[in-house]
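Here's the letter readout for the chains.
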Amino acid sequence: MLTSSYSQRVNAGGDWLAAIAPKSRMPALEGAIAWINSPPLAAADLLGKVVLVDFWTYSCINSLRPLPYLRAWAQKYQALGLVVIGAHTPEFDFERDVQNVSRAAKDLGIVYPVAVDSRQVLWRAFGTHAWPTLFFVDAKGQVRHRKVGEGRYDEAERIIQQLLREAGRSDVPTGLVSPQGQGTQAASGLRPPESAETYLGAKRAEGFVSADGALRRGRSHIYLPARGLSLNQWTLAGSWRVDDERVELAQAGGRIAFRFHARDLHLVLGTSHDGMAIRFRVRIDGQPPGFSHGSDVDADGVGHIDAPRLYQLVRQSGTARERLFEIEFLDAGLHAYAFTFG
């Protein structure tokens, strides 16, 4: 998930990595409201270490796919003086909650320090504009490089190696890691998807169609689904309440449909109360997904929502093609935020 005027360029394949000139001091880290996997860290305490700061948010597919590399670098170079810090800056309100972030970090296998930046203090101090963004800090506390977006991991690791050598390490290995992520952390397909991230809340919704008009913000409404969908259009069926950042299902049996072209389809979902388990059923072109099911649904299309996060619902093998995705929720209280693709 990317923000600002250059988001489309980055989404289209375009991450970028650049040296910072002139060099600047690493901003203070005291703006974090909590720390996970570590006591609070201060920039002064990290002098003499090479620091890699990853701005991420746990419901963002662009933030999840780099995690296998970040974990591998943290493990490989920790003894040589590398400190990896995940700066978790939220996009959705549920990502501000420390317990949600802590649970997500555990589920995602993150053991390096995570600064919970729920007030976006670190985000602003570093001048961040997109998820994910990596900042490379040398042992003198100077920010030397910035990397925006996914990919170019070989170049990123070579920068880490260079900064460690500059810090006086003569035993830095020259080899590169090649982790294989699973589920939502698996690498994206060889071809970029023809479907882009699509928000469902009224503030940023695009591509919505129905048989009875536009989204009605701020009140429940029984939506009649569109009779047909063109590529990248979506529709609702059933009783839904639309807020700025999400749609909420008021009665069981509601459906969302989306015509997409991508290998993978993800949907950010949550529940109205902690501890709820909301059942759902997925169909692709009117049939159970079979071998095209994602990691959060079985071959029959059956799954459930038990926490606010990103759910992988479709993972196709072979060449991606245009498909009709449908999901029916068997219980009320469902929150749906955004589709993402891979």
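## Thoughts on the confidence of the model for the protein chain
Logical step 1: Here the protein chain averages 94 in pLDDT, while 95% of its residues score no lower than 70.
Logical step 2: Throughout residues 2–13 the model reports pLDDT below 50, and contacts reaching past four residues in sequence, or to other chains, amount to 21 contacts.

## Points about empty space enclosed by the protein
Logical step 1: For the coordinates displayed, the defined rule picks out one cavity of 30 Å³ or more.
Logical step 2: Taken as a whole, the largest cavity holds about 30 Å³ of empty space.
Logical step 3: Broken down by class, the residue content of the lining of the largest cavity amounts to six nonpolar, one polar and two charged.

## A few points about the packing of helix α3 (residues 67–77) against helix α6 (residues 153–166)
Logical step 1: Where α3 meets α6, the axes come as close as 12 Å, and the angle between the chain directions of the two elements is 25°. Between α3 and α6, the crossing angle belongs to the class labelled roughly parallel. Crossing of α3 against α6: the hand is right-handed. Contacts from Tyr69, Trp73, Lys76 and Tyr77 of α3 reach α6 at Tyr153, Ala156, Glu157, Ile160, Gln161 and Leu164.
Logical step 2: For the contact of α3 with α6, a count of residues per class yields seven nonpolar, one polar and two charged.

## Brief notes about the pattern of salt bridges
Logical step 1: This structure, assessed with the given rule, holds 18 salt bridges.
Logical step 2: Residue arginine 169 is joined to aspartate 171 by a salt bridge in which the shortest nitrogen-to-oxygen separation is 2.9 Å.
Logical step 3: Where arginine 309 meets aspartate 296, a salt bridge forms, and the shortest distance between an N and an O atom there is 3.0 Å. Of the two residues, arginine 309 is situated in strand β16 (residues 309–315) and aspartate 296 in the loop between β14 (278–284) and β15 (302–305); the sequence distance between them amounts to 13 residues.
Logical step 4: In this structure arginine 309 comes out as partly exposed when scored by relative accessible area, which is 25%.

Rules behind the numbers
Each residue is numbered by its place in its chain's sequence as written, counting from 1. Whole-chain, interface and lining totals are the exception, using all residues; otherwise, since this is a predicted model, local features are given only for residues with pLDDT of at least 70 and side-chain atom pairs are given and counted only at 80 or more. The side-chain numbers reported here are obtained from all heavy atoms of the structure, hydrogens and water having been left aside. Scored from 0 to 100, pLDDT records how confident the predictor is in each individual residue. A contact between two residues is defined here by any heavy atoms of the two lying within 4.5 Å. Space inside and on the surface of the protein is sampled on a 1 Å grid over the protein atoms alone, with a cavity defined as a set of points where a 1.4 Å probe fits but cannot get out and a pocket as an open set with protein on both sides within 12 Å along at least 5 of 7 lines; lining residues have an atom within 4 Å of a point. Grid points are joined across faces, edges and corners, and a volume is the space filled by probe spheres set on the points. Under the scheme applied, nonpolar residues are Ala, Val, Leu, Ile, Met, Phe, Trp, Tyr, Cys and Pro; charged residues are Asp, Glu, Lys and Arg; polar residues are all the others, including Gly. Axes here refer to lines fitted to C-alpha atoms; in helices the fit is confined to the stretch in contact. Angles between the N-to-C directions go from 0 to 180 degrees. To qualify as a helix, a DSSP run of H or I must reach at least 4 residues; to qualify as a strand, a run of E must reach at least 2; elements of each kind are numbered from the N terminus. Working rule for angles: under 35 degrees goes down as roughly parallel, over 145 as roughly antiparallel, 65 to 115 as roughly perpendicular, anything else as oblique. The handedness criterion is simple: a crossing whose near helix is rotated anticlockwise from the far helix by less than a right angle is left-handed, and one whose near helix is rotated clockwise is right-handed. By salt bridge we mean one thing: a side-chain nitrogen of Lys or Arg within 4 Å of a carboxyl oxygen of Asp or Glu. Each residue's exposure class comes from its accessible area (1.4 Å probe, protein chains only) as a fraction of the maximum for that residue type: buried when under 20%, exposed when over 50%, partly exposed otherwise.

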